[in-house]
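Tertiary structure, described
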Amino acid sequence: MPGVVLVVEDEQKIRDLLRRTFERAGFAVLTAGTGAAALEAAAGSAPDLVVLDLGLPDISGEEVARELRDRGNVPILVLTARSSDEDRIRGLELGVDDYVTKPFSPREVVLRVQAILRRGAGGAAPEPPRRSLGAGELVIDEVRHEVLVRGAAVDLTPTEWGLLAALAGTPGRAFSRYELINRVRGYEFEGYERVVDSHVKNLRRKLERDPHQPAILETVSGVGYRLGLTIDA
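1. What to know about the overall build of the protein
A count of helices and strands for the protein gives eight helices and twelve strands. Looking at the protein as a whole, 48% of its 233 residues are labelled buried. When contacts within the protein are restricted to residue pairs at least 6 apart in sequence, those whose partners lie at least 24 apart make up 59%.

Okay, here's the thing in structure tokens:
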């Protein structure tokens, strides 16, 4: 599993500590102390995951996360000294994959990164390995870790993949937000309802013909969400 991690942290001691911890876990590590340096490094090296501090001296971490999301689907784990529930939820609503507050255990950060990368490798994918739904409207291929929408490949973040895989495992079944976040992350955290809603909104932009009138990811009033397509024979 180890790959390339970009650590974006303005405090030299924390940056060096994370670098050493990731290297001991077998990762190749890139580092950046500013938002501008982080975006340059991400563009030039295509890391497998970004560990991103929100309190950067030039560009805000939120802006860096938005720019990374606009460019692609690299997983992001946020680090921040902001500890309120509202701050955590705002961070997750940016479309990041996890959130750790300072002070933190470097080992915990590595374990969370490993969990994100496992999800991205298809650990939560549906069975059978390749599933076609809605007369080919949506195809989920576990082996290739690929999603096709009307024949075109769509890139998903690990969290988006996990949500779609959970819903596609039982098309037509309504899943609560609590069920979905636990299937995707394996644990509960404050504000999960808003976080699931944010990721579903992002998924709809990628999957639906009209995100405002979704036919694939349907809202079930008072419950949560379901996949509105049937499995092809």
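So that's the structure; there's more coming.
2. Focus: the sheet that holds strand 8 (residues 146-149)
The strands making up a sheet associate through backbone hydrogen bonding, with each pair oriented either parallel or antiparallel. Read from one edge to the other, the open sheet built from four strands follows the order 6-7-8-9, with strand pairing classed as antiparallel. Since the sheet does not close on itself, it has two edges, and those belong to strand 6 (130-133) and strand 9 (152-154), each with one partner. Across the sheet, the axes of successive neighbouring strands diverge by a mean angle of 25 degrees, strand direction being ignored. Pairing analysis gives four bridges linking strand 6 to strand 7 (residues 138-141), with the strands arranged antiparallel. Paired with Arg 130 across the two strands is Asp 141, which belongs to strand 7.

3. Some details on the environment of Trp 161
Along the chain, the position of Trp 161 falls in helix 6 (residues 158-169). For Trp 161 and Val 184, which are 23 residues apart along the polypeptide, the C-alpha to C-alpha distance reads 8.8 Å.

4. Notes on the environment of Leu 77
Here Leu 77 shows up in strand 4 (residues 76-80). For the pair Leu 77 and Val 100, spaced 23 residues apart in sequence, the C-alpha to C-alpha distance is 7.5 Å. Leu 77 has contacts with Leu 49, Val 50, Val 51, Leu 52, Asp 98, Val 100, Val 109, Arg 112, Val 113 and Ile 116, leaving out every residue within four places of it along the chain.

5. Here's the deal with the pattern of salt bridges
Under the definition given, this model contains 15 salt bridges. Two residues, Asp 16 and Arg 19, come together in a salt bridge whose shortest N-O distance is 4.0 Å. Here Arg 19 and Asp 16 lie together in helix 1 (residues 12-24), a separation of three residues that amounts to about one turn. Between Glu 63 and Arg 66 there is a salt bridge, with the nearest N and O atoms lying 2.8 Å from each other. Note that Glu 63 and Arg 66 are positioned in helix 3 (residues 61-71) at a spacing of three residues, about one turn of the helix. For Glu 63, a relative accessible area of 40% puts it in the partly exposed group. Members of the salt-bridge network, linked through shared partners, are Glu 9, Asp 53 and Lys 102.

6. A word on the packing of aromatic side chains
If you walk through the whole model with that rule in mind, you get one aromatic pair. Between Phe 22 and Phe 27, the ring centres sit 5.5 Å apart and the planes meet at 90 degrees, which makes this aromatic pair edge-to-face. The buried category is assigned to Phe 27, whose relative accessible area is 4%. The ring of Phe 175 is capped by Arg 173, whose NZ or CZ atom sits 4.2 Å from the centre of that ring.

Cut-offs applied
Residues numbered from 1 in each chain as written. Predicted model: local features only at pLDDT ≥ 70, side-chain atom pairs only at ≥ 80, totals over all residues. Heavy atoms only, no water. Helix = DSSP H or I, 4+ residues; strand = E, 2+ residues; numbered from the N terminus. Buried < 20%, exposed > 50% of the residue type's maximum accessible area, 1.4 Å probe, protein only. Contact = heavy atoms within 4.5 Å. Pairing = 2+ DSSP bridges. Axes fitted to C-alpha atoms, helices over the stretch in contact; angles between N-to-C directions. Salt bridge = Lys/Arg side-chain N within 4 Å of Asp/Glu carboxyl O. Phe/Tyr/Trp six-rings, centres within 6.5 Å; stacked < 30°, edge-to-face > 60°. Lys NZ or Arg CZ within 6 Å of the ring centre and 35° of its normal.

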